[in-house]
Amino acid sequence: MADTLPSEFDVIVIGTGLPESIIAAACSRSGQRVLHVDSRSYYGGNWASFSFSGLLSWLKEYQENSDIVNDSPVWQYHILENEEAIALSRKDKTIQHVEVFCYASQDLHEDVEEAGALQKNHALVTSTNSTEAADSACLPTEDESLSTVSCEMLIEQTPSSDPESALEVNGAEVTGEKENHSDDKTCVPSTSAEEMSDNVPIAEDTTEQPKKNKITYSQIIKEGRRFNIDLVSKLLYSRGLLIDLLIKSNVSRYAEFKNITRILAFRDGRVEQVPCSRADVFNSKQLSMVEKRMLMKFLTFCMEYEKFPDEYKGYEEITFCEYLKTQKLTPNLQYIVLHSIAMTSQTASSTIDGLKATKNFLHCLGRYGNTPFLFPLYGQGELPQCFCRCKAIIDQFGQRIISKHFLVEDSYFSENTCSRVQYRQISRAVLITDRSVLKTDSDQQISVLTVPAEEPGTFAVRVIELCSSTMTCMKGTYLVHLTCTSSKTAREDLEPVVQKLFIPYTEVEIENEQVEKPRILWALYFNMRDSSDISRSCYNDLPSNVYVCSGPDCGLGNDNAVKQAETIFQEICPSEDFCPPPPNPEDIVLDGDSLQPEANSETLKESTNLGNLEEPSE
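Residues numbered from 1 in each chain as written. Predicted model: local features only at pLDDT ≥ 70, side-chain atom pairs only at ≥ 80, totals over all residues. Heavy atoms only, no water.

Draft legend 1. How the structure looks around the overall build of the protein chain. On a plain count of helices and strands, the protein chain comes out with 16 helices and 19 strands. Working note: accessible area of the protein chain is about 29,100 Å², and carbon and sulfur atoms make up 49% of it. (Helix = DSSP H or I, 4+ residues; strand = E, 2+ residues; numbered from the N terminus. Areas by Shrake-Rupley, 256 points an atom, 1.4 Å probe, with all protein chains shown as cover.)

So this is what it looks like as structure tokens:
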């Protein structure tokens, strides 16, 4: 296949993370000749999503990964005398301190054999033990990777001919199981009709019938294809840069979204729901009538705070937390605004930062639902793939190709290139639990919760809980993501919060004792590199036409990735529109056509409405 590639491109993109995929799509839409390559066997890099077995295969791959030392690699013969090579690393060192726990019981009566099955282990799985435990995980071969790319292109060539709206939110009824593209390249047995059936135990009231809610590790393995587990946990602001880009570029036709149904707060050892909209505030039983008026008055000010500089000019040098104390807000309201609406740091965010965050939260309310946030069905890893569907992804080597511009994802650079870079770290935990942190009449709640830091030098922990309707976990379970800026290892940072909200699953059932907290069936901890906001000058000896794309940051939204992609694109194509929509096939005039076809009035009407999907928030 490499022999058939052109020898020259305008742009070569290495890596399929979200920024790289956006840039590649934008350059392709602007008429640039783009070669998009990735040495990994899955899409997305650290933005990827995996099935359960695919995640175990990914863990094994990281633990077995090592640099390939070759004194005379083939590529050296393609370097000319006046050229200097920039070596790329074959080992991805962005993931560290991986620890796996399995608390669900192993049902020995079930004859379940599938790639990636772990034996029950209540102790941490160290690097050595994790490798041994995941020996049965089957990694893809190079041929399998390439064949999957071909399947991906077949999907791209036959898009849906009936686009209903620019962004499908909570209105599309999913009728079948969707294969997750990022782990399609993992070697997992084909899903049988029995596995595709819906005969999965549904979570019931654990306080009344705990025995019926017993979920075994064998069931998790058997239903592993129903999980789509994100390496990075994020949400989309309904008026954020990524939503606007998805609509503008018409890439949104490749994805579906669900509303985040509730914002939660953790205070005094209890989880409670936070009122978001005006109606929620006045219907809330947690706030007194005086507090409701206080809160509405302050939020109204935040929506237009720039018009009243005298209200905050004298407080610009203090933290937002201190500023809230100067306002006529009760401690209860201060807590809600700081941790559940602004979602800013208690010690590091300035007054202006807090006001901007609060305004952004309020500005996003009501566009697609009762909260500001959306979540993509099948996981965050769908988003890089959506942009990748605008062109082909190739994994090949052995050919000399010339390009004007090179974009390289940070993890591909060698230690020599990154020797002066000071990276931050992100602490991550992924839990599979048997019930929600705040039980309601509906078991299909999607929640976001911020747990404030309690000790100096630590950071607030963001918790996102996903139900089975997001297509990220099997029925009767919840998928919980915990994220914070690292101060220690992921387990040390996050385990105190996990212990506050959850309890480990145990086989010993105490019938007379009510179980108030959700039980953990399986847990994963790991640290991920945060390469965002690093100056290009920190990298050693990069030519001027080599651009660096960072991995995920620790923020809740995706604005940093979109801003980075647009900045690099404007450097490459300064006079071009960033990621424009594709032309309407009916408006394309071929050579020799004497008449230009009339514009489709329905299409124009739909295009006009793309940016007006929101409902009035007032």
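Draft legend 2. Up close: the pairing of strand E13 (residues 424-433). Most of E13 sits inside the fold, with eight of its 10 residues counted as buried. In the sheet, E13 pairs with strand E18 (residues 519-530) via 10 bridges, with the strands oriented antiparallel. Directly across from valine 430, in E18, lies its bridge partner leucine 524. Bridge count between E13 and strand E16 (residues 478-485): eight bridges; the pairing is antiparallel. (Buried < 20%, exposed > 50% of the residue type's maximum accessible area, 1.4 Å probe, protein only. Pairing = 2+ DSSP bridges.)

Draft legend 3. Examining the pairing of strand E15 (residues 461-466) more closely. Along E15, six of the six residues are buried, which leaves the element largely enclosed by surrounding structure. Residues Val461, Val463 and Glu465 point to one face of E15 and Arg462, Ile464 and Leu466 to the other, with burial holding for every one of them. Direction of pairing for strand E14 (residues 447-451) relative to E15: antiparallel, over a ladder of five bridges. Looking at E15, one finds that valine 451 is bridged to valine 461.

Draft legend 4. Here's a closer look at the nonpolar core. Ranked by size, the top nonpolar core spans 103 residues in total, and within it Phe52, Phe298, Leu482 and Trp522 carry the most contacts. Examining the composition of this core, we find that eight residues originate from one element, E18, more than from any other. In this structure phenylalanine 298 touches Phe320, Tyr323, Leu324, Gln327, Leu329 and Val337, once residues within four positions along its chain are discounted. Formed by 40 residues, the second largest nonpolar core is a distinct cluster that contains Val11, Ala25, Phe387 and Val562. (Core = buried A, V, L, I, M, F, W, Y, C linked by side-chain atoms within 4.5 Å. Contact = heavy atoms within 4.5 Å.)

Draft legend 5. Looking closely at the packing of helix H7 (residues 241-249) against helix H15 (residues 559-572). Running from N to C, H7 and H15 cross one another at 55 degrees; their axes reach a closest spacing of 8 Å. What the angle tells us is that H7 and H15 run oblique. Residues Leu241, Leu242 and Leu245 of H7 form the contact with H15, whose own contacting residues are Asp559, Val562 and Lys563. Of the residues contributing to the contact of H7 with H15, the split by class is four nonpolar, no polar and two charged. (Axes fitted to C-alpha atoms, helices over the stretch in contact; angles between N-to-C directions. Parallel < 35°, antiparallel > 145°, perpendicular 65-115°, else oblique. Nonpolar A, V, L, I, M, F, W, Y, C, P; charged D, E, K, R; others polar.)

Draft legend 6. Local environment of the sheet that holds strand E1 (residues 8-14). The four strands lie next to each other as E2-E1-E12-E19, forming an open sheet whose pairing is parallel. Two strands close off the open sheet at either side, each with one partner strand: strand E2 (34-37) and strand E19 (546-549). If you compare each strand with its neighbour and ignore which way they point, the axes differ by 20 degrees on average. The sheet contact formed by E1 and strand E12 (residues 402-409) spans six bridges and is parallel.

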